Amino acid sequence: MKKISTAGISTTGITRRSMLKTTAAAALIGAVKTAFPSGAFAAGAGPEVKGIKLGFIALTDSAPLIIAKEKGLFEKHGLPETDVAKQASWGATRDNLVLGGAANGIDGAHILSPLPYLMHTGKVTQNNKPVPMAVLARLNLDSQGISVAKEYAETGVQIDASKLKAAFEKKKAEGKEIKAAMTFPGGTHDLWIRYWLAAGGIDPNKDVSTIVVPPPQMVANMKVGNMDVFCVGEPWNEQLVNQGIGFTAATTGELWKGHPEKALGLRADWIEKNPNAAKALLMAVMEAQQWCDSMDNKAEMADILGKRQWFNVPTKDVLGRLKGDINYGNGREAKATDLYMKFWKDGASYPFKSHDTWFMTENIRWGNLPGTTDIKALVNQVNREDIWREAAKDLGVAATDIPASSSRGKETFFDGKIFDPENPAAYLDSLSIKAVS
């Protein structure tokens, strides 16, 4: 087990080595003067380019990019040539972001919120070469799932993972490996399943083997017995239930109500070269998020996402949980819950720095980042909530929908743990299962 001291976690300065290895995106310059909802640009202040190459994974939280494309919002905001291209996995998303649009890759993406940070620090790139990245917006809150194979139905496992301990121990005693699947090391799904297991007294580094499976391949892999439990976004948990292959133990909103999930991530050099276009892109996505958030649009959104060029799944695999109707697949059903995916309400679009602070702290917890990481400096480099505020102003977003602070304050988890973004070291100290000492 990797031992990393947390005593040196800093929230004020950045180490010289880190400063040399990472580069913040340049501050956005210029202004895009628009009036909501016209999206018309003042003469000479429009986007520098006609479009951007974006990537997405077939997950419901990619909807803002897909809806912006389908509803002509990129065109409305001066980016008619924007391409939204399906990526095979989060590893492919990373690789194409490393390439960049000029080299037939992509310049931005629907992305796991921690991934731009892991790329920015070079932790997940070839030869550990940093790729300066920026987070411009959060795409959604909540509505991922932790699902379990049918063989564990009799355990009655739900939010309390400890109910799996005896079954896991029995299977291991028979010489069989326990596999927990997630979508990318250090990504949101990895962190959710690790948190859930650890809260139940199951050490994800000792008691199970974590494996990486792309989101669209989760159901097929569980069907043939390649994993015991997985964490992924929708529509794949609902598809699992609809096909009778497994059941959902808990949705991630039950672990942390109103938790941040995916982000709109861009290469920092693209923003520096195209500041007006970056803001125009963000305005299109934000407008799409508002559309996605309306319950009146859920059925149409499910139909759009289910199309062959997007997810290629039946509408029923998307719609239920999109509305907050959850069939857990184990005899438990909940209608009209507040666990549905939020795209705009409750500050869903705004990239709180306090949330990125938690993501970095959890990556330290599991040994993906060193304990000496200056979290505050790193978050200030990558998180561009300043661009979000500029775009919100130009889009005419109501003042009540613009957070007053870049921190949402202390966060409380289902097991009673409290994360104070002003003191991540204390949070780490409170956790009994971790890869740091």
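Below or above, wherever it landed, is the structure these notes cover. (Residues numbered from 1 in each chain as written. Predicted model: local features only at pLDDT ≥ 70, side-chain atom pairs only at ≥ 80, totals over all residues. Heavy atoms only, no water.)

1. Remarks on unusual backbone geometry
Cis geometry marks the peptide bond from Glu-234 to Pro-235, where omega comes out at 15°. Even without a glycine there, the phi angle at Ser-143 is positive, about 65°. Here Ser-143 lies in the loop between strand 4 (133–138) and strand 5 (144–149). Located in the positive-phi region is Asn-312, a residue other than glycine, with phi close to 60°. Judged by its relative accessible area of 48%, Asn-312 falls in the partly exposed class. (Helix = DSSP H or I, 4+ residues; strand = E, 2+ residues; numbered from the N terminus. Buried < 20%, exposed > 50% of the residue type's maximum accessible area, 1.4 Å probe, protein only.)

2. So, the pattern of salt bridges
The full count for this structure, using the stated rule, is 22 salt bridges. A salt bridge links Asp-95 to Arg-94, with the nearest nitrogen and oxygen atoms 2.9 Å apart. Where Arg-384 meets Asp-386, a salt bridge forms, and the shortest distance between an N and an O atom there is 2.8 Å. Since its relative accessible area comes to 4%, Arg-384 is described here as buried. (Salt bridge = Lys/Arg side-chain N within 4 Å of Asp/Glu carboxyl O.)

3. Brief notes about the packing of aromatic side chains
Summed over all chains, the structure comprises 16 aromatic pairs. Here the aromatic rings of Tyr-152 and Phe-168 are separated by 5.5 Å at their centres, their planes lie at 85°, and the arrangement is edge-to-face. Taken together, the residues Tyr-152 in the loop between strand 5 and helix 6 (165–173) and Phe-168 in helix 6 connect sequence positions 16 residues apart. Taken as a pair, Tyr-152 and Phe-168 share a single burial class, namely buried. Where Trp-358 meets Phe-359, the ring centres are 5.5 Å apart and the plane angle is 65°; that geometry is what we call edge-to-face. Each member of the pair, Trp-358 together with Phe-359, is buried. Ring-pair connections join several aromatic residues into one group, and the members of that group are Trp-192, Tyr-195, Trp-256, Trp-358, Phe-359, Phe-413, Phe-414, Phe-419 and Tyr-427. In this structure, Arg-194 packs its charged tip against the face of Trp-366, placed 5.0 Å from the ring centre. Between Lys-342 and the ring centre of Tyr-340, over which it is positioned, the NZ or CZ distance is 4.8 Å. (Phe/Tyr/Trp six-rings, centres within 6.5 Å; stacked < 30°, edge-to-face > 60°. Lys NZ or Arg CZ within 6 Å of the ring centre and 35° of its normal.)

4. A look at the sheet that holds strand 9 (residues 246–251)
As a general point, the strands of a sheet are linked pairwise by backbone hydrogen bonds and lie either parallel or antiparallel. Overall, mixed pairing links the 5 strands, which are arranged 7-6-8-5-9 in an open sheet. The open sheet is flanked by strand 7 (209–212) and strand 9, the only strands paired with a single partner. Mean inter-strand twist for the sheet, computed between neighbouring axes without regard to direction, equals 25°. Strands strand 5, strand 6 (179–182), strand 7, strand 8 (229–233) and strand 9 of the sheet are contacted by helix 7 (residues 188–199), whose axis makes an angle of about 140° with strand 8. (Pairing = 2+ DSSP bridges. Axes fitted to C-alpha atoms, helices over the stretch in contact; angles between N-to-C directions. Contact = heavy atoms within 4.5 Å.)

This is a description of form; function is not addressed.
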